[in-house]
Amino acid sequence: MKNDKSLKIYVAGHQGMVGSAIVRQLKQNGFNNLILRKHNELDLTNQNEVSEFFKNEVIDQVYLAAAKVGGIDANSNFPAEFIYENIMIEANVIHNAFKSNVKKLLFLGSSCIYPKYADQPMKEEQLLTGELEPTNEPYAIAKIAGIKICESYNRQYGDTHGIDYRSIMPTNLFGPGDNYHPKMSHVIPGLLYRFHEAKMKKAPSVIVWGSGEPKREFLYVDDMAQACLFLMNIDKKIITQNTNPMLSHINVGSGKDITINKLAETIKEVVGYEGQIKFDNSKFDGTPRKLIDSSKINSLGWFPKIGLIEGLTLTYDNFRRKI
């Protein structure tokens, strides 16, 4: 990396799966002047607290990985919390970063920003071209707002204040530090938890929500963290050549998708569970397919390193150490 290792870097959401992976990558690359705050130390939805925080710290870069996240069940049951908390976090952090003269910021979004029936794989250009998946629409709208806040500040203040706020849109992520709640988590940690529990209890079967037919793409979180550092530190001229002011976000994914059925079978093997898999068709399937087009970041020189089975094995090993 070309950057000065003494840069003062704030990682918002450092205790989450993505934020903690970014911290690991920063330290591995020699960046140790990190500013980290737990939720009980800094409530990012509180405008006054965030304002005071940025006034008291002289920060060079911000990785905005903080967010309220959850699976289909959580998104369906708590839509008001998902849209309110995420918009407040984004607006407070980005605005106060600007006010405090932070020149570089990376906002982490989600592939759920794309329309439910978007062409596959989903290119960056498909943003705002169709109806969103209803089960996570509030979260998706909040993430779209984050992209547009970054773009709006760049457009208004990029030349006059020298700011450079970028957005990266990951596919479905998994890995160490994930939320393994059996009902409130995303698909991989939820299935790891249920298959492990069934193995321990010698249960005859595991219930998987939905039909098993939807296809999903997954990326190991440490690959995502490497992509974040990669994108943050690419020369601005290169970013400008590959984006435009009102379509500036960049996708990052593995380039491969898998049915939920096949995913469940793979996790069953990784865990070593010997029972049956049963599908509950009364539960939401969500979007039929979600595969993002990562050709733009690939063309810039970034590619993932950790495959699905290796990543699941590493994740399950981490899960067993935590329980």
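Before reading further, recall that the structure is shown in the block above.
Please read these numbers as outputs of a predicted model, since none were measured by experiment. (Residues numbered from 1 in each chain as written. Predicted model: local features only at pLDDT ≥ 70, side-chain atom pairs only at ≥ 80, totals over all residues. Heavy atoms only, no water.)

Right, let's get into the nonpolar core. Among the nonpolar cores identified, the biggest contains 41 residues, and Y10, L44, F54, V62, L64, L105 and Y165 are the most heavily contacted of them. With 7 residues, the top contributor of residues to this core is helix α5 (residues 137-161). Counting 32 residues, the second-largest nonpolar core is a separate cluster that includes A21, L106, L173 and W302. (Core = buried A, V, L, I, M, F, W, Y, C linked by side-chain atoms within 4.5 Å. Buried < 20%, exposed > 50% of the residue type's maximum accessible area, 1.4 Å probe, protein only. Helix = DSSP H or I, 4+ residues; strand = E, 2+ residues; numbered from the N terminus.)

All right, on to the packing of helix α2 (residues 47-56) against helix α4 (residues 79-99) then. Helix-helix packing: each pair is described by the crossing angle between the helix axes and the interaxial distance. α4 packs onto α2 with a crossing angle of 35 degrees between their chain directions and a minimal axis gap of 9 Å. When you trace α2 past α4, the crossing you get is right-handed. Here Q47, V50, S51 and F54 of α2 lie close against α4, whose contacting residues are N92, V93, N96, A97 and K99. Each residue belonging to the contact of α2 with α4 can be placed in one class, and the counts come to 4 nonpolar, 4 polar and 1 charged. (Axes fitted to C-alpha atoms, helices over the stretch in contact; angles between N-to-C directions. Left-handed = near helix turned anticlockwise from the far one by under 90°. Contact = heavy atoms within 4.5 Å. Nonpolar A, V, L, I, M, F, W, Y, C, P; charged D, E, K, R; others polar.)

In the structure shown here, the tally under the stated rule is 12 aromatic pairs. With centroids separated by 5.9 Å and ring planes inclined at 50 degrees, the aromatic side chains of Y153 and Y157 adopt a geometry described as tilted. One end of the pair is Y153 and the other is Y157, both in helix α5 and 4 residues apart, which spans about a single turn. In this structure Y153 comes out as buried when scored by relative accessible area, which is 17%. Its relative accessible area of 22% is what places Y157 among the partly exposed residues. (Phe/Tyr/Trp six-rings, centres within 6.5 Å; stacked < 30°, edge-to-face > 60°.)

End to end, helix α7 (residues 221-232) covers 16 Å across 12 residues, agreeing with the expected 16 Å (1.5 Å per residue, within 8%). Across the 12 residues of α7, 10 count as buried, placing the element largely inside the fold. Residues of α7 that are buried: V221, D222, D223, M224, A225, A227, C228, L229, L231 and M232. (Expected span 1.5 Å × (residues − 1).)

Let's shift gears to the side chain of E90. Structurally, E90 is set in helix α4. For the buried residue E90, which engages in no salt bridge, the nearest side chain bearing the opposite charge is K143, 4.3 Å off. Among all residues touching E90, those that are not within four sequence positions of it are L64, H95, F107, A142, K143, A145, G146 and I149. (Lys, Arg positive; Asp, Glu negative; His and termini not counted. Salt bridge = Lys/Arg side-chain N within 4 Å of Asp/Glu carboxyl O.)

Next up on the list: the packing of helix α1 (residues 17-28) against α7. Direction vectors running N to C along α1 and α7 enclose 60 degrees, while the axes themselves pass 8 Å from each other. Viewed along their axes, α1 and α7 adopt a mutual orientation that is oblique. As α1 runs across α7, the sense of the crossing is right-handed. Side by side, α1 and α7 meet where M17, V18, A21, I22, R24, Q25 and L26 of the first sit next to V221, D222, A225, Q226, C228 and L229 of the second. Within the contact of α1 with α7, the residues separate by chemical class into 9 nonpolar, 2 polar and 2 charged. (Parallel < 35°, antiparallel > 145°, perpendicular 65-115°, else oblique.)

Below, the discussion takes up the layout of surface pockets. The calculated volume of the second largest pocket comes to roughly 370 Å³. For the lining of the second largest pocket, the secondary structure elements donating two or more residues are α5, β5 (164-170) and α8 (236-242). Residues that form the lining of the second largest pocket fall into these classes: 6 nonpolar, 7 polar and 5 charged. (1 Å grid on protein atoms, 1.4 Å probe; cavity = no way out; pocket = protein on both sides within 12 Å on 5 of 7 lines; lining within 4 Å. Points joined across faces, edges and corners; volume = space filled by probe spheres on them.)

The parallel open sheet is built from 6 strands, whose spatial order is β2-β1-β3-β4-β5-β9. With partners counted over all chains shown, the strands left at the sheet margins are β2 (34-35) and β9 (250-252), one partner each. When strand β4 (residues 104-108) meets β5, the two strands line up parallel, connected through 5 bridges. Within β5, the residue paired with K104 across the bridge is D164. (Pairing = 2+ DSSP bridges.)

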